[in-house]
Amino acid sequence: MKTKILIGNWKMNKTIQETIGFVCAVKETIKDIEPEQIMIGIAPSFLALPVLEKITDKIFSVAQNVHYEEKGAYTGEISVEMLKEIEIDYALIGHSERRKYFNESNESCNLKLKALEKNQMIAVYCVGETIEEYRDGKTKAVIKTQLIEGLKDLSKEFIENIIIAYEPVWAIGTGESANEDIAQDIASYIKEVIKEEFKMKYFDNLKVLYGGSVKPENINDYVNKDDIDGALVGGASLSPDSFVAMIEKLKE
Ligand code: PEP
């Protein structure tokens, strides 16, 4: 049976106290879950990261972003070393909100991915097309470019362990989710492109998640597909009830 992955992306939501409250509310459900069965991650605010990391070993903590430089005059930014100090091993790179509001490009994502590689961290690299690209039939071309440019010059070992999140931009936070067969087709395409372009021989650890208006009612439509290993969830990860309901679904 495949290991399923559920990652909640909290964006700019929840204080430290609210994070603690959330973990208390879900702890009964997650206490017996083994990571081989379901890997559960949350990307909270930077302030809540060390707290989340300390209060539970059933949830892995994910940074929502990181800067690619080691240190220096980058006001407001967080370095890999700062994340490593609080024992964070995962970071989201290239979320569409970062690409849209903070001008992140495939090139800057590539620099960030290289910074993670250098520090043995695991990336959740987000790719996905806009509504215009989707309507113009450019989904695969856009994703191929995001993969080739984003993963350029990274080691095979790093790419082998990467998590790719396929998130159609038009499905994020809109309530409109992609058809599960299309999501499966893109997930399989992502694996194929990575295998071909980066001449990968060992491939079993590479995971592909779907993200975009996932909720308890539809999570299994995606995760039951052959090439989709889990979900990256925004809105529905904020309430303990729906988070627990998604975990229960994944246990089925
Ligand atoms: C996300 O933020 O990555 C996301 C998929 O959001 P939502 O589930 O709210 O669409």
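The residue numbers shown here count from 1 along each chain, following its written sequence. Reporting of local features is limited, given that this is a predicted model, to residues whose pLDDT is at least 70; pairs of side-chain atoms are given and counted only at 80 or more, and all residues count toward the totals for whole chains, interfaces and linings. As a convention, hydrogens and water are excluded, and side-chain values are obtained from all of the structure's heavy atoms.

Here's the deal with the overall build of the protein chain
Helix and strand assignments come from DSSP, with helices taken as H or I runs of at least 4 residues and strands as E runs of at least 2, each series counted from the N terminus. Regarding its fold elements, the protein chain presents 11 helices and 8 strands. Only C-alpha atoms enter the radius of gyration, while the globule expectation follows 2.2 Å times N to the 0.38, with N the number of residues. A compact globule built from 252 residues would reach a C-alpha radius of gyration of about 18 Å, and the protein chain, at 17 Å, matches this within 12%. C-alpha extents for the protein chain along the principal axes are approximately 45 × 45 × 35 Å. In this scheme, a residue with accessible area under 20% of its type's maximum is buried, one over 50% is exposed, and one in between is partly exposed, where area comes from a 1.4 Å probe on protein chains only. Burial analysis of the protein chain (252 residues in total) assigns 52% to the buried set. The long-range fraction of contacts in the protein chain, counting pairs at least 24 apart against all pairs at least 6 apart in sequence, stands at 73%. Here the accessible surface of atoms and residues is derived via Shrake-Rupley with a 1.4 Å probe, and residues count as covered only by protein chains that are part of the display. Within the structure as shown, the protein chain displays about 12,200 Å² of accessible surface, and the carbon and sulfur contribution to it stands at 50%. In what follows, a contact means two residues having at least one pair of non-hydrogen atoms within 4.5 Å.

Describing the sheet that holds strand 3 (residues 60–63)
In any sheet, the strands associate via hydrogen bonds between backbone groups, in a parallel or an antiparallel arrangement. The 8 strands are arranged 1-2-3-4-5-6-7-8 in a closed barrel whose pairing can be described as parallel. In this sheet, neighbouring strand axes are inclined to one another by 25° on average, regardless of whether the strands run parallel or antiparallel. Should DSSP find at least two bridges between two strands, the strands are regarded as paired. Relative to strand 3, strand 2 (residues 38–43) is paired through 2 bridges, and the arrangement is parallel. Paired with Ile42 across the bridge in strand 3 is Ser61. On the sheet, helix 5 (residues 106–118) packs against strand 4 (90–93) and strand 5 (122–127) and is oriented at approximately 165° with respect to strand 5. Helix axes are fitted only over the stretch in contact, all axes being lines through C-alpha atoms; the angle between N-to-C directions runs from 0 to 180 degrees. Relative to strand 5, helix 7 (residues 139–150) is tilted by about 150°, and along the sheet it contacts strand 5 and strand 6 (163–166).

A few points about the site of the ligand
One heavy atom within 4 Å of a molecule or strand makes the whole residue count as near it. Close to the ligand lie 14 residues; Lys11, Glu167, Gly173, Ser213 and Gly234 are nearest. The term polar contact refers here to a pair of N or O atoms within 3.5 Å; inside protein, the definition further demands a hydrogen-donor-capable atom paired with an acceptor-capable atom, and it admits residues adjacent in sequence only when both atoms are side-chain atoms. For the ligand, an oxygen atom lies 3.2 Å from a polar atom in the side chain of Asn9. Lys11 has a polar side-chain atom sitting 2.7 Å from an oxygen atom of the ligand. Protein burial of the ligand: of its 290 Å² of free accessible surface, 96% is covered by the chains. Basically, the charged four are Asp, Glu, Lys and Arg, the nonpolar ten are Ala, Val, Leu, Ile, Met, Phe, Trp, Tyr, Cys and Pro, and anything else, Gly included, counts as polar. For the shell around the ligand, the per-class residue count stands at 4 nonpolar, 8 polar and 2 charged.

Structural notes on the environment of His95
Inspection of the secondary structure puts His95 in the loop between strand 4 and helix 4 (96–101). In this structure His95 comes out as buried when scored by relative accessible area, which is 5%. C-alpha separation for the pair His95 and Ile247, spaced 152 residues apart in sequence, amounts to 23 Å. When neighbours within four sequence positions are excluded, His95 is seen to be in contact with Asn9, Lys11, Cys126, Glu167 and Ile172.

Structural notes on the packing of aromatic side chains
Put simply, two rings from Phe, Tyr or Trp (the six-membered ring, in Trp's case) pair if the centres are within 6.5 Å, and we call them stacked under 30 degrees between planes, edge-to-face over 60, tilted for the rest. As enumerated under the stated definition, the model contains 6 aromatic pairs in all. Considering the side-chain rings of Phe60 and Tyr90, the 4.3 Å spacing of their centres and the 40° angle between planes classify their relative orientation as tilted. Linking Phe60 in strand 3 with Tyr90 in strand 4, this pair joins segments that are 30 residues apart in sequence. The burial state of Phe60 is the same as that of Tyr90; both residues are buried. A network of ring pairs unites the aromatic residues Trp10, Phe22 and Phe243 as a single cluster. Working rule: Lys NZ or Arg CZ, within 6 Å of ring centre, within 35 degrees of ring normal, means a charge sits over the ring. Arg98 extends its terminal NZ or CZ atom over the ring of Phe102, reaching a point 4.1 Å from the ring centre.

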